[in-house]
Amino acid sequence: LRKNVEDFTGPRERSDLGFVTFDITADILNGKNGLQTFRNKKTLIIFDWNVKQLFLYLSAEYSTKNNALNQVVLWDKIMLRGDNPRLSLKDMKSKYFFFDDGNGLKGNRNITLTLSWNVVPNAGILPLVTGSGHVSVPFPDTYETTKSY
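Remember, it's a predicted structure, so these values are computed and weren't measured experimentally. (Residues numbered from 1 in each chain as written. Predicted model: local features only at pLDDT ≥ 70, side-chain atom pairs only at ≥ 80, totals over all residues. Heavy atoms only, no water.)

Attention now goes to the packing of aromatic side chains. In this structure the tally under the stated criterion is 5 aromatic pairs. With centroids separated by 5.7 Å and ring planes inclined at 80°, the aromatic side chains of Phe 98 and Phe 139 adopt a geometry described as edge-to-face. Residue Phe 98 is found in strand S9 (residues 98-99), and its partner Phe 139 is found in the segment after strand S11 (128-137); the two are separated by 41 residues along the sequence. When sorted by exposure, Phe 98 lands in the same class as Phe 139, which is buried. Through a chain of ring-to-ring contacts, the aromatic side chains of Tyr 62, Phe 98 and Phe 139 assemble into a single cluster. (Phe/Tyr/Trp six-rings, centres within 6.5 Å; stacked < 30°, edge-to-face > 60°. Helix = DSSP H or I, 4+ residues; strand = E, 2+ residues; numbered from the N terminus. Buried < 20%, exposed > 50% of the residue type's maximum accessible area, 1.4 Å probe, protein only.)

Have a look at this one:
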C-alpha cells in the first residue's frame, strides 16, 4: 500500500509513504544465516558470555532516479539473553514510517527487505550481522486514496 502525502519535515512537497505488512520466520541461534563464529575449529553460539542482547531490525533498500541507494528501517526488536531465538511473526506492520524523499516508491519493482542485527556485547566491539535471507517486493503503480468521513 502506498500513498502520496505531504511531508512536513522538509520542503512542502508531496512524498511517497509506503505501508508494509510482513511475516518473519527466523532461527537466530541455529539458522543458516551466518551467525555462528568459528574460532580454533570450534563453533561458538551467538549468546556467549560476552553477549548481552541482540538488536534486530528489518530494513528496506531500493534505488530511485534521485538516489542510487536508499535505506529505511521499518521495524526493530531487542532480543535479550534467554529470549526465544526463534522468530515466527505474522502479519506485522511497519513500526516506523516508510517515507521516500520524492516519488521513488511508486512503481518501484525492486524494494529489498532484509533482516539484520547488531550483537550488543557486555564489552568490546559492536558487530553488525546481515541475515542470509532477503525478499524483493514490487510496489504498485497507483496511489491508495484515503477515505474521508
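What follows concerns the confidence of the model for the protein. Predicted confidence across the protein gives a mean pLDDT of 80, with 78% of residues reaching 70 or more. For residues 31-44, every residue scores under 50 in pLDDT, and the model assigns this stretch 21 contacts once sequence neighbours within four places are set aside. (pLDDT = per-residue confidence, 0-100. Contact = heavy atoms within 4.5 Å.)

Before going further, it helps to spend a moment on the environment of Leu 126. Turning to its location among the elements, Leu 126 is positioned in the loop between strand S10 (111-121) and S11. On a C-alpha basis, the gap between Leu 126 and Val 51 in space is 9.9 Å, while along the polypeptide they are 75 residues apart. With near-sequence residues (within four places) excluded, Leu 126 lies in contact with Asn 118, Val 119, Val 120 and Pro 121.

Here the focus is the pattern of salt bridges. Overall, the coordinates contain 3 salt bridges when judged by the stated rule. Between Arg 86 and Asp 27 there is a salt bridge whose closest N-O contact spans 3.6 Å. With Arg 86 in strand S8 (residues 86-93) and Asp 27 in strand S3 (residues 21-27), this residue pair connects regions lying 59 residues apart in the sequence. Across the pair Asp 141 and Arg 109 runs a salt bridge whose closest N-O atoms are separated by 2.8 Å. Here Asp 141 is found in the segment after S11, whereas its partner Arg 109 is found in the loop between S9 and S10, with 32 residues between them in sequence. (Salt bridge = Lys/Arg side-chain N within 4 Å of Asp/Glu carboxyl O.)

Here the phi dihedral of Asp 91 falls at roughly 55°; this positive angle occurs in a residue that is not glycine. Structurally, Asp 91 can be placed in strand S8. A residue is classified by how much of its surface remains accessible, and Asp 91, at 52% relative accessible area, is exposed.

Within the secondary structure, Ser 116 sits in strand S10. Given the relative accessible area of 5%, Ser 116 is considered buried. With residues near it in sequence (within four places) discarded, Ser 116 still touches Phe 55, Leu 56, Tyr 57, Val 129, Thr 130 and Gly 131.

For the rest of this paragraph, the subject is the nonpolar core. Formed by 28 residues in total, the largest nonpolar core has its most connected members in Ile 24, Ile 28, Leu 54, Phe 98 and Trp 117. If you list the elements that add at least two residues to this core, you get S3, strand S6 (51-62), strand S7 (70-80), S8 and S10. For this core, the element with the highest residue contribution is S6, accounting for 6 residues. Once you skip the residues sitting within four places of it in the chain, Phe 98 turns out to touch Asp 16, Leu 17, Gly 18, Val 20, Ala 60, Tyr 62, Val 72, Leu 74, Leu 105, Ile 111 and Phe 139. (Core = buried A, V, L, I, M, F, W, Y, C linked by side-chain atoms within 4.5 Å.)

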